[in-house]
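Residue-level listing of the chains:
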Amino acid sequence: MKKQLMKKQIMKKTVLCSLACVLTCLSSMNRLAHAHSRQDDELGSKVSAALSATWRNDGAELQESGVWQIPGALMGGEAYPVEKGTSLDDANLTIQHNSENGIYGLLQISSHDNGNEAEIHHAYAGYTFFIGDSRLNLEGGRSAAEMTPSNAEHASNRLFSESPLALDVLLGRQLNDEGLRARWQWQDWILGAESWRGSAFPATPGDNGGSFNVFLHHQEQWGRSRWRTGIWWLQADADERLDSRYLSGHTHGSATVTAPEVSFSGRSELVGAFLRLDHTLTSDRQWQLQAEWIQADVDGSLQDSTHQADHIGTHRGAWVQTALRQHQHELGVRWEHLALDNTLIGAGAPSLASIANLYNDREPTRTTFLYAWHATDTFLIRCEWTRDNSQEDSTDRFAVGLVWQETLWSQR
């Protein structure tokens, strides 16, 4: 493979214009269930459960070391590869409460990506202030960032069983961290800001770490169409960040692998835009469209025990998906694309580029086709065929899975 070296070109005006163009055609829909990071507005208490399990005839292609990495990207967080055979994609139990005095909270215990242990995935509380015809929510604890609804989704509450490549590469699948959130909602507009400890990729905790993001969303219904649009910005600082997915003692997956001990120190700035549209064609036929674009500008340094180099990168990811449902039957397709440009400067650049697998002379893509049978409102079976061009060699895999979601107890 040839080394792809490009100078970093950060053009704020170009990014803002791109966001404006995307927002002009943006739209959104709510899936079968709400993304679990948001608190329902209904007063009272509720206990719910969800599960997604999938059998695949093949898994994602791995490096010789056993590490799953898209060439050209430094990965981490919870971005684990899908495996051959049967896997538990996601299982969670959620307890939430809304009181009349404006106090609310949510606690979720979950296991995902074939994890052998359950963990507290969400645990936060908040208070609602009503200001005229608007409201302000202040929240604190552990939760998924709300900058884009895709960040809060798992296999049990999204259309496809696999996470989009752009989320895996740029956000470590999900930015889930300890922090504070302020969300102001006026009519159909939502403005939010979130400050995070830095435990989640692409940041690290500590004095030189942490992350912060802001977002602006708009949602509306017009006739038979519902849409949601949004733009967001994230700044993440990292100090000697390693690929923590394969650290000793980690229980995800069954194989024992060793990731290269190459650390990144510096800043990542991400911007993104999303659209979601849900349109009712007839009483028994619905159509949805979803699209998202993310760009990450990276500026920092790479080092291992013997080498050091400056690292500048511009990474872009996007996906578009659509689905048509009639009665119990649903057909869907998703197309994904990545563009990963890196520049390494310094005496250690050639060695680190090779060790960290940053040589990349192609743009990864992936296409997935889906058929889902909605047996009931809470149970479905889905079949997926995926053409994966994210590695040097193209691979195909077939998957059959089930999804269950249920409200176990409710008191209003």
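Just so it is clear, the model here is predicted, and its values are computed rather than measured. (Residues numbered from 1 in each chain as written. Predicted model: local features only at pLDDT ≥ 70, side-chain atom pairs only at ≥ 80, totals over all residues. Heavy atoms only, no water.)

Moving on: empty space enclosed by the protein. Scanning the entire structure with this criterion turns up seven cavities of 30 Å³ or more. Considering only enclosed or pocket space, the largest cavity measures out at about 170 Å³ in volume. Lining the largest cavity are Val 67, Gln 69, Leu 74, Met 75, Phe 201, Arg 241, Leu 242, Asp 243, Pro 260, Val 262, Phe 264 and Ala 356. Considering only residue class, the lining of the largest cavity consists of nine nonpolar, one polar and two charged. Approximately 130 Å³ is the volume found for the second largest cavity. (1 Å grid on protein atoms, 1.4 Å probe; cavity = no way out; pocket = protein on both sides within 12 Å on 5 of 7 lines; lining within 4 Å. Points joined across faces, edges and corners; volume = space filled by probe spheres on them. Nonpolar A, V, L, I, M, F, W, Y, C, P; charged D, E, K, R; others polar.)

Another aspect to go through is the environment of Tyr 124. With respect to the helices and strands, Tyr 124 occurs in strand S4 (residues 119-131). Its relative accessible area of 6% is what places Tyr 124 among the buried residues. Residues Tyr 124 and Gly 140 lie 16 residues apart in sequence; the distance between their C-alpha atoms is 5.5 Å. (Helix = DSSP H or I, 4+ residues; strand = E, 2+ residues; numbered from the N terminus. Buried < 20%, exposed > 50% of the residue type's maximum accessible area, 1.4 Å probe, protein only.)

Remark: a regular strand shows side chains that alternate across the two faces of the sheet. A large share of strand S3 (residues 103-112) lies buried, amounting to seven of its 10 residues. By the bridge criterion, eight bridges tie S3 to S4 in an arrangement that is antiparallel. Residue pairing across strands places Leu 106 opposite Tyr 124, the latter belonging to S4. Between S3 and the antiparallel strand that follows it, S4, lie six residues; Asp 113 among them carries a positive phi value of about 55 degrees. (Pairing = 2+ DSSP bridges.)

This part is about unusual backbone geometry. Cis geometry is adopted by the peptide bond preceding Pro 202, which originates at Phe 201 and carries an omega value of 10 degrees. Looking at where Pro 202 falls in the secondary structure, it is placed in the loop between strand S7 (189-196) and strand S8 (210-222). Backbone geometry at Glu 240 places phi at a positive 55 degrees, although glycine is not the residue there. Tracing the backbone shows Glu 240 in strand S9 (residues 225-241). In the Ramachandran plot, Asn 357 falls in the positive-phi region, its phi being about 60 degrees despite a non-glycine side chain. Along the chain, Asn 357 turns up in the loop between helix H3 (349-355) and strand S14 (365-374).

Now for a nonpolar patch on the surface. A surface patch of nonpolar side chains, about 450 Å² in accessible area, is lined by Trp 55, Phe 369, Trp 385, Phe 398 and Val 400. Its place among the elements puts Phe 398 in strand S16 (residues 395-411). (Patch = residues over 30% accessible without salt bridge, like charges linked within 9 Å, V, L, I, M, F, W, Y side chains within 5 Å. Areas by Shrake-Rupley, 256 points an atom, 1.4 Å probe, with all protein chains shown as cover. Salt bridge = Lys/Arg side-chain N within 4 Å of Asp/Glu carboxyl O.)

Nonpolar side chains in soluble globular proteins tend to be buried together. Judged by nonpolar contacts, the single largest core of 32 residues is most densely connected at Trp 68, Ile 70, Met 147, Val 169, Leu 175 and Leu 270. When residues of this core are traced back to their parent elements, those giving at least two are helix H2 (165-171), S7, S9, strand S11 (285-303) and strand S13 (329-345). No other element matches H2, which puts six residues into this core. Grouped together as the second largest cluster of nonpolar side chains are 13 residues, Val 262, Val 298, Leu 344 and Leu 352 included. (Core = buried A, V, L, I, M, F, W, Y, C linked by side-chain atoms within 4.5 Å.)

Further remarks concern the pairing of strand S15 (residues 379-389). Here S15 shows one buried face, formed by Leu 380, Arg 382, Glu 384, Thr 386 and Asp 388, and one open face, formed by Phe 379, Ile 381, Cys 383, Trp 385, Arg 387 and Asn 389. When S14 meets S15, the two strands line up antiparallel, connected through 10 bridges. Across the sheet, residue Arg 366 finds its bridge partner in S15, namely Asp 388. Hairpin connection between S14 and S15: a loop of four residues separates the two successive antiparallel strands. In the sheet, S15 pairs with S16 via 10 bridges, with the strands oriented antiparallel. Within S16, the position partnered with Leu 380 by the bridge is Val 403. Following S15, the chain reverses through five residues before pairing antiparallel with S16.

Turning to the pattern of salt bridges, a few remarks are in order. Enumeration over the complete set of coordinates arrives at 22 salt bridges. With its nearest N and O atoms 3.7 Å apart, the salt bridge here joins Glu 178 to Arg 197. Of this pair, Glu 178 sits in strand S6 (residues 176-186) while Arg 197 sits in the loop between S7 and S8, and the two are 19 residues apart along the sequence. Overall, Glu 178 belongs to the partly exposed group, its relative accessible area being 28%. In the salt-bridge network here, residues are joined through shared partners; they are Arg 56, Asp 89, Glu 162, Arg 334, Glu 336, Arg 366, Asp 388 and Arg 397.

Okay, the packing of aromatic side chains next. Applying the stated criterion across every chain, the model contains four aromatic pairs. Consider the rings of Phe 212 and Trp 233, whose centres lie 6.4 Å apart with planes at 65 degrees: the pair is edge-to-face. Remark: Trp 233 occurs in strand S9 and Phe 212 occurs in strand S8; sequence separation between them is 21 residues. A relative accessible area of 35% places Phe 212 in the partly exposed class. Overall, the relative accessible area of 27% leaves Trp 233 in the partly exposed class. (Phe/Tyr/Trp six-rings, centres within 6.5 Å; stacked < 30°, edge-to-face > 60°.)

Before going further, it helps to spend a moment on the side chain of Glu 384. Looking at where Glu 384 falls in the secondary structure, it is placed in strand S15. For the buried Glu 384, no salt bridge is present, and the opposite-charge side chain at shortest range is Arg 382, 4.4 Å distant. Among the polar contacts listed, one links the side chain of Glu 384 to the side chain of Ser 161, at a separation of 2.6 Å. Sequence-distant contacts of Glu 384, that is, excluding residues within four places in its chain, are made with Phe 160, Ser 161, Glu 162, Thr 368, Phe 369, Leu 370, Arg 397, Phe 398 and Ala 399. (Lys, Arg positive; Asp, Glu negative; His and termini not counted. Polar contact = N/O pair within 3.5 Å; in protein donor to acceptor, adjacent residues only side chain to side chain. Contact = heavy atoms within 4.5 Å.)

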